Protein chains: 2
Amino acid sequence: MREYNTEILSVGTELLLGHVTNTDARDISEELSRLGINVRYHTVVGDNPQRMRDCVALARSRADIIITTGGLGPTVDDLTKVVLAESFGLKLVENQAEREQMYEYITYSNHFTENNYNQVMLPEGCTVFHNNCGTAPGCAFEADGTIVIMLPGPPKECRAMFRESVIPYLRTLSDKVIVSHSVRIFGLGESAVDDLFAAEMNSMRNPTMAPYAKECDCLLQVTAKADSEAEAEEMLRPVMAQVCEKLGDYVYGTDVECMEEAVLQLLQKNPKTFALAESCTGGEVAARFTELPGASEFLKGGAVTYTNEAKAVMLGIDRQFIESNLAVSEPVARAMAEHMRAVLNTDLAVGITGLAGPGGDGVHEVGTVFVALAAENGTWVRELHMGPQRTRSFIRRMAGNHAYDMIRRWLTGKEVAGNRSCPAF
Amino acid sequence: MREYNTEILSVGTELLLGHVTNTDARDISEELSRLGINVRYHTVVGDNPQRMRDCVALARSRADIIITTGGLGPTVDDLTKVVLAESFGLKLVENQAEREQMYEYITYSNHFTENNYNQVMLPEGCTVFHNNCGTAPGCAFEADGTIVIMLPGPPKECRAMFRESVIPYLRTLSDKVIVSHSVRIFGLGESAVDDLFAAEMNSMRNPTMAPYAKECDCLLQVTAKADSEAEAEEMLRPVMAQVCEKLGDYVYGTDVECMEEAVLQLLQKNPKTFALAESCTGGEVAARFTELPGASEFLKGGAVTYTNEAKAVMLGIDRQFIESNLAVSEPVARAMAEHMRAVLNTDLAVGITGLAGPGGDGVHEVGTVFVALAAENGTWVRELHMGPQRTRSFIRRMAGNHAYDMIRRWLTGKEVAGNRSCPAF
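Values in this document were obtained by computation on a predicted structure and should not be read as measured data.

1. Structural notes on the interface of chain A and chain B
Consideration 1: On the side of chain B, 75 residues touch chain A, which itself brings 82 residues to the contact.
Consideration 2: Carbon and sulfur atoms make up 55% of the area that chain A and chain B hide from each other, which totals about 6,400 Å².
Consideration 3: Counting the surface chain A buries against chain B, the share from its top three residues, Leu 16, His 42 and Tyr 306 of chain A, is 9%.
Consideration 4: Linking chain A with chain B are 4 salt bridges.
Consideration 5: Its salt-bridge partner being Glu 291 of chain A, residue Arg 396 of chain B comes within 3.0 Å of it at the nearest N-O pair.
Consideration 6: The interface formed by chain A and chain B holds 32 residue pairs in polar contact (both at pLDDT 80 or more) in total.
Consideration 7: No other element matches strand β2 (residues 38-45) of chain A, which puts 7 residues into the side of chain A that touches chain B.
Consideration 8: Two elements, β2 of chain A and strand β2 (residues 38-45) of chain B, share 5 bridges in a ladder whose sense is antiparallel. Paired with Val 45 of chain A across the bridge in β2 of chain B is Tyr 41 of chain B.

So, in structure tokens, the structure goes:
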């Protein structure tokens, strides 16, 4: 099989001004990696003919496939086709079928201007990709051993055209498939994971594994290349099993985006209700869960008890008790979880109280958080010391991760209070 | 003043595999454009020493400033400093101050591994940027007429370091001072703002103005270049006054990051307490406010009443009343706000109920949200129809913006229910 190296060349001054994020390059890269086609470079260049020409010349020298995004529109700025056709010595010719479709399309629009027909001028002999989400068609051609694919810039149009037209086009080039799984880890940092799998990472060629740091957790990506998806999965199975065994309890899920998603999946298999009483996290732990569709089946509700008064009035905790123990304390976290569980009559409830900073309470260091989980069979509390150098946002997110880690452990019958140390990432 | 051209070189195979989006390049580009520094290219390359070397050589040939992101971590993949130092003929030396800070940082972690110290090996003579959000320090040096700036890859760390350290560093390169103010706008989209100020934008050279779209609001950036900060401010004053007058009530603040920050500033001048009862936003509106230091003086607490049971138990709303009106309705939003205000005895309280999707209630379209504000002098409700094509996350965020917009209007004596239409962006 020939190895194809790809460069994605995104065209548009708005990208260089930071007005938009280059999601096209990400989307295309993800799709290409699934097809087993390497991506070597992403380049972004503005709507400047000379710099575009230079970028095309460079891409020809270092890639077999050049995929451009953007610059196919009707205005004078839209130079991609002009520059690419010129670079490969091709003429632009009007595509009759696309012209007719455009005529139909624009009869729906009040704002038709003649320059729209610039969009149907395409390199002679190219494969035309019709745009089902917008007006500018895309296209592909092969010249001097290089495959050139031009796609529109708007992410929706780019993504749809890639899936509908480019994947079938590229499948004819490659006979390999790439499959990846990610093992999500909480309680070990990227460097510890790297250390743990150093030998495998150095010796393995296919499948491969690589660790990535996320904001408050990390992941190990395991990837195989094979002739078919089934074969790739077959190659991945023993590696995934070995990785998960070695990491044990630190694994909170595979192929999930975050810890609350792993908890939601566990709840879908083993339905339990829960509630959240939050002080320093101020609603964030609830907000993370309710961002997921389907959350309402399991989360009955929560209380943001930012003040002692709210803890007393909404949860029914005795004011004296709060004042004598201090709001940030193990007994108050425990009481928040137990009272919350009683108020909404749930299977599980979480209580979180701590100092997210920058101000302190004169007793505890900023970064001290108590996270409690109450259930029928007991209440567990983790005491976290993240240190005052952490940001407010990190402290809140990490506290939430510990809450979800405790729920996950309770749901899977693991020691709930375990993994209590706050890992550094 | 010398014109600087910049190339942003992002390093990381995860970008080429499409696992993550290159938001760093966008963030940095936006900040540089505010500083009046040109960005000519974005390049993404994998963790491969030879390809990185080639990219660095190319960037040296076409840019005056090279900003790298990523590859500063502790693992063998993290090659950015090694390659850049080698390209410019510099040695990497251990930075004692950073080593000591790292030692302190990691005493909070159980999982320290020796490879963490790789991160404090920095090019000799460089300016060190301490990382306040993570472990890997960044740095800058100037060699052979090129300025090299290396930043960590995780977006939070990259953004914070850019603002805290890189902006002051870049300011020293220019003998002109650039000052920007941003006028934050809620209720008008970027294109409407663009339309409103088209004449000024075309005719003005210094100060300049430019609109930017944010997720659920937009801003107009007004920028002046002068010999001193005082002079730039003097040039900006009349323009800012004119812009704010023209936009009127749509302006919710200047030089703030978000609507909740504008509300916090108003509360600091005119102290009032408030509380939040959230259904479809699930704690997010509280979480946004409590993310700000100082929030606890004004937000007494809140209830996440995701289920009818929670609305009844935690807020004391009659179950019959909820069932006969439907949970998503004007009367229930009103009752949530009024009951919440009574429960925590606050000056103001918000009630939010709606359908964030993807599932509906069989009566309302997804994207329908009722936002109520209760105060001593009345209760106001906005009925929003954002449409089912919006994402869950957009609907939740926009609902929160309306809540803060209503609080802002109440605090400043403006018509509270005004601006009720959901703007399209």
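2. Observations regarding the sheet that holds strand β10 (residues 208-213) of chain B
Residue and element names in this part refer to chain B.
Consideration 1: Here we have 4 strands laid out as an open sheet, ordered β10-β11-β9-β12, and antiparallel in their pairing. Two strands lie at the open edges of the sheet, namely β10 and β12 (251-254), each paired on one side alone. Going from strand to strand, the sheet's axes swing by 25 degrees on average, the running direction of each strand aside.
Consideration 2: Across 9 bridges, the pairing between strand β9 (residues 177-185) and strand β11 (residues 218-226) is antiparallel. Residue His 181 lies in a different strand from β11, and its bridge partner there is Val 222.
Consideration 3: Against the sheet, helix α9 (residues 229-247) touches β9, β10, β11 and β12, its axis set at about 15 degrees to β9.

3. A closer look at helix α2 (residues 23-35) of chain B
Residues and elements named next belong to chain B.
Consideration 1: Helix length check: α2, at 13 residues, gives a terminal C-alpha distance of 19 Å against a target of 18 Å (1.5 Å per residue), a fit within 8%.
Consideration 2: For α2, the tally of buried residues reaches 11 of 13 residues, placing the bulk of the element in the interior.
Consideration 3: Taken together, the buried positions of α2 are Asp 24, Ala 25, Arg 26, Asp 27, Ile 28, Ser 29, Glu 30, Glu 31, Leu 32, Arg 34 and Leu 35.
Consideration 4: Following α2 by one or two positions, Gly 36 adopts a phi angle in the positive range, close to 80 degrees.

4. A look at the pattern of salt bridges
Pairs may arise between side chains of opposite charge once their charged atoms sit close together.
Residue and element names in this part refer to chain A.
Consideration 1: Under the defined criterion, the tally for this structure stands at 40 salt bridges over all chains.
Consideration 2: Here Arg 163 ties to Glu 31 by a salt bridge, and the two come within 2.7 Å at their closest N and O atoms. Here Arg 163 is found in helix α6 (residues 155-171), whereas its partner Glu 31 is found in helix α2 (residues 23-35), with 132 residues between them in sequence.
Consideration 3: One connected set of salt bridges, linked through shared partners, spans Asp 249, Arg 382, Asp 405, Arg 408 and Arg 409.

Definitions and cut-offs
- Residues numbered from 1 in each chain as written.
- Chains lettered and ligands numbered in written order.
- Predicted model: local features only at pLDDT ≥ 70, side-chain atom pairs only at ≥ 80, totals over all residues.
- Heavy atoms only, no water.
- Contact = heavy atoms within 4.5 Å.
- Buried area = accessible area lost by both parts, 1.4 Å probe.
- Salt bridge = Lys/Arg side-chain N within 4 Å of Asp/Glu carboxyl O.
- Polar contact = N/O pair within 3.5 Å; in protein donor to acceptor, adjacent residues only side chain to side chain.
- Helix = DSSP H or I, 4+ residues; strand = E, 2+ residues; numbered from the N terminus.
- Pairing = 2+ DSSP bridges.
- Axes fitted to C-alpha atoms, helices over the stretch in contact; angles between N-to-C directions.
- Expected span 1.5 Å × (residues − 1).
- Buried < 20%, exposed > 50% of the residue type's maximum accessible area, 1.4 Å probe, protein only.

Such coordinate-based values are descriptive only and should not be taken to indicate function.
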